[in-house]
Amino acid sequence: MLVLLVLLASQMVFLVPSLWSQHQAEGAALQRVQKSQLQAAVRNIEPENLAVAKELIGNKLTGLTLSDAQGKILVRVGDVPEMVEIYPQGGAEVISNKSGTVDTAWRLDGAKESTLWALVRLDKSSVFKRTISRTVSYLLVAVSISIAGAMVALITAARFYINPLNNLVKMLRESREASEGNIPDPIEYSETEDIDPLADEFNSLIEAQKKAARQVKVKQQYLEFAAHHDPLTHLPNRLMFEDALKGTIADAMTGQLNFAVFLVDLDNFKFFNDQYGHLVGDKMVAEVGNRLRTMMRDQDLVARLDGDEFVVIQKDVDNRAAAEEVAKRLMSVATQPYEYRGFTLKASVSVGISCYPQDVNSFEDADALGEEIVNNASVALQESKSNGKNQYQLFNESMRSRLTARLRLEQDLKLALQEGQFEVYFQPKININTRAITGSEALVRWKHPTNGYISPEIFVPVAEEAGMIIELGEWILRTACKATYELQQSGYPGLNVAVNISAVQFTDGNLLPLVNKALKDSKLNPEYLELEITESAVMHDPEEVINSLHQLSEFGMRLAIDDFGTGYSSLAYLKRFPVDTLKIDRAFITDISNDNDDVAIVAAVLGLGKHFNMKVVAEGVEDEEQLQFLKAQGCDIAQGFYISKPMNIIDYREWLERWPYGVEGTKRLEDLHNDMPKASGSDFA
Ligand code: C2E
Ligand code: MG
Ligand code: MG
């Protein structure tokens, strides 16, 4: 339609002026012809004969008035217009031009060169009619041309645009419907070049979408994998293990499937990490994980739970003996040595096993059953660890009761802390040469409300594991410092005190500010405080301990390595420790009189002490013979039941007063040390 109108309009631009000019030209021609006919009729005609002009009246000239130059009317005929004063200077002039007629005044040449004026009325309707009929025919032609042009445009548009576009839309719709909500496939389309770019654009959009969708899918797969796998070993992680365990339990409950859960933990992993670095540690974990995975069948599951802990689900286990066989194989593959950057590494593992259905009770509740079987394996693993590691243990009920007892102990310890059931005892130490008291070791005591005294060897490790040792240790330190300061004030100014510090306090306890505060609050001079840390704790993380030890010694307190000889000290480290004292473990002292090996060890420790300029304290001296031996060997200080058992503060104060050899740094010592009597057994007990 638009094309039609445009064509029509553009033709009108030419037609209308041409019609108008034709119309004008015909009008002028009509006047010219009539004038020349009238002129011919009146030329050289005497005025009285001018009536002949009447014959000219017809369908074109409808009215005529002839007058002479003076305005005298000579002829008047037909449909003449009102007489007007019309004697202009010359030429014809149109007077009026309305409703199909035109009134005009002409100047004519009459007889004998006289001038005649003609006022005429011409009928122009024929000119109008012709113009109208011409206009109509022109319009018809123009409309036809426009229609034809529009049709051509329509056909061309349909051929080249509308149909292909419809086709394209149809194909897109079909492609979308066929894709059922997914990204549709690219379309194959090549009908006209004009539409191709559209189709190409669509296809490239689809390709881009598909590519993005593929990337999203890969990412999703990766995230899915990452959520269920451990990045180091690529083994399933705890989440996936829990899912797998649920599935296994569901099968077991319906299908009579028996299975076993193995918890596998690397022994001394922290030591490996510290000794060789985390890269080697990681490598070892990955290697062990890989070996465990390779050893098990496809239907079994090997997952990594935490740092150095793996779990294995073995399906179709006939009996506990079969599970034991698997545990042996797991241990054997894990302990095979392997090379890494020039190191030959050999891990050992501890394994805890729990079997379904033998070891469980919660048959009704799948969740509880899963928890129970894993807990049982964990109890068995702890048993392996506490029995010396590098072994497997099958869960049994007595383990559970041991664990329950331990948990109860933990609860009781919490209560004991709240209720202040602890006490600090003091065990004196003497200078072996003078037998004067040098100070004491503070030892914690716990009197359980129903079970009586419990050994620190039992509850300290539990307090360490439960994190309570930080609070308890602080209390012991503060109590020991305060009591010692008070003793110093009451006449024993040279008395010192040694306080045991657990490895946990060392690594997590923010020890330095805590010790400083205890010293400040008690007013005890730092040089009278010695901190004892066991050799095994030192060797647990030597680099970190060396740091802490340096910080502490800078503040003036003294440091001792406790139970020396049992903790596999690397002698290379020893020279880097800012340590003042080595305490030989009492196990070596006990057998000193009948075990040559122990004699050699004690002698060696004393030699080391001398070399590194450290004092050596012998623990657990129980008789004079041991004391004499130590003296002969050049040992500085002795501590043990032979001198005194640990005592509470009241007994300790009384004991100090009774002690015949005095206290170092007091007047009594100077008085007495010259004529030192030989101690009898009863003096010491
Ligand atoms: P330790 O630090 O080596 O303490 C010496 C242990 O040997 C004490 O045992 C003491 O009573 C005992 N002992 C001393 N002389 C003799 C002797 O002649 N013969 C025998 N058979 N034993 C003797 P205790 O008090 O039972 O403490 C055991 C361990 O518990 C301590 O060993 C120490 O490692 C830990 N411990 C004790 N008190 C504390 C404490 O306040 N804090 C920390 N962190 N650990 C403590
Ligand atoms: Mg100690
Ligand atoms: Mg000791």
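So, a few notes on the structure that sits alongside this text. (Residues numbered from 1 in each chain as written. Chains lettered and ligands numbered in written order. Predicted model: local features only at pLDDT ≥ 70, side-chain atom pairs only at ≥ 80, totals over all residues. Heavy atoms only, no water.)

## Some thoughts on the overall build of the chain
Secondary structure summary: the chain contains 22 helices and 21 strands in total. Against the 2.2 N^0.38 benchmark of 26 Å for 685 residues, the chain shows a C-alpha radius of gyration of 62 Å, more extended than a compact globule. If you line up the chain on its principal axes, its C-alpha atoms span 200 × 70 × 50 Å. Looking at the chain residue by residue over its 685 residues, the buried ones come to 43%. For the chain, contacts bridging at least 24 residues in sequence account for 65% of all contacts bridging at least 6. Surface summary for the chain: the accessible area is close to 35,800 Å², and the carbon and sulfur share equals 53%. (Helix = DSSP H or I, 4+ residues; strand = E, 2+ residues; numbered from the N terminus. Rg over C-alpha atoms; globule rule 2.2 N^0.38 Å. Buried < 20%, exposed > 50% of the residue type's maximum accessible area, 1.4 Å probe, protein only. Contact = heavy atoms within 4.5 Å. Areas by Shrake-Rupley, 256 points an atom, 1.4 Å probe, with all protein chains shown as cover.)

## Section: the layout of surface pockets
Taken as a whole, the second largest pocket encloses approximately 290 Å³ of empty space. Every residue lining the second largest pocket is counted, 14 residues in all, and those nearest its centre are Glu242, Leu245, Gly370, Glu371 and Val374. Among the elements of the structure, helix H4 (238-255) and helix H8 (366-386) are those that each provide at least two residues to the lining of the second largest pocket. Ranked by the residues each element gives to the lining of the second largest pocket, the list is headed by H4, at six residues. Taken together, the residues of the lining of the second largest pocket break down into seven nonpolar, one polar and six charged. (1 Å grid on protein atoms, 1.4 Å probe; cavity = no way out; pocket = protein on both sides within 12 Å on 5 of 7 lines; lining within 4 Å. Points joined across faces, edges and corners; volume = space filled by probe spheres on them. Nonpolar A, V, L, I, M, F, W, Y, C, P; charged D, E, K, R; others polar.)

## So, helix H13 (residues 511-522)
Taking 1.5 Å of rise per residue, the 12 residues of H13 would be expected to cover 16 Å, and the 16 Å separating its terminal C-alpha atoms lies within 8% of that figure. Every buried residue of H13 is listed here: Leu511, Leu512, Leu514, Val515, Ala518, Leu519 and Ser522. Projected down its long axis, H13 shows its buried positions confined to an angular sector of 170°, all on one face. The inward-facing, buried residues of H13 abut helix H11 (469-489), helix H12 (503-508), strand E17 (529-534) and helix H15 (542-554). (Expected span 1.5 Å × (residues − 1). Arc of directions from axis to C-beta.)

## Here's the deal with the environment of Leu198
If you trace the backbone, Leu198 turns up in helix H3 (residues 196-228). Taking the C-alpha atoms as reference, Leu198 lies 9.1 Å from Leu165; in sequence the two are 33 residues apart.

## Considerations on the site of ligand 1
In the vicinity of ligand 1 there are 22 residues, among which Asn500, Asp562, Arg586, Glu622 and Phe641 approach most closely. Note that an oxygen atom of ligand 1 is positioned 2.9 Å from one of the side-chain N or O atoms of Glu441. Here an oxygen atom of ligand 1 sits 2.9 Å away from a polar atom, N or O, in the side chain of Arg445. For ligand 1, the accessible surface in isolation is 780 Å², of which the surrounding protein chains cover 87%. Mapped onto the shell around ligand 1, the elements with two or more residues apiece are strand E14 (437-448), helix H10 (456-465) and strand E18 (558-564). Sorting elements by how many residues they give to the shell around ligand 1 places E14 first, with four residues. Here the residues of the shell around ligand 1 sort into eight nonpolar, five polar and nine charged. (Near = heavy atom within 4 Å. Polar contact = N/O pair within 3.5 Å; in protein donor to acceptor, adjacent residues only side chain to side chain.)

## Observations concerning the packing of aromatic side chains
The description of an aromatic ring pair uses the distance of the two centres, along with the angle that the planes make with each other. For the structure shown, the criterion picks out 10 aromatic pairs. Ring geometry for Phe271 versus Phe272: centroids 6.5 Å apart, planes at 75°, classification edge-to-face. Among the residues examined, Phe272 registers a relative accessible area of 13% and is labelled buried. Clustering of aromatic rings is evident, with ring pairs tying together Phe259, Tyr356 and Phe363. (Phe/Tyr/Trp six-rings, centres within 6.5 Å; stacked < 30°, edge-to-face > 60°.)

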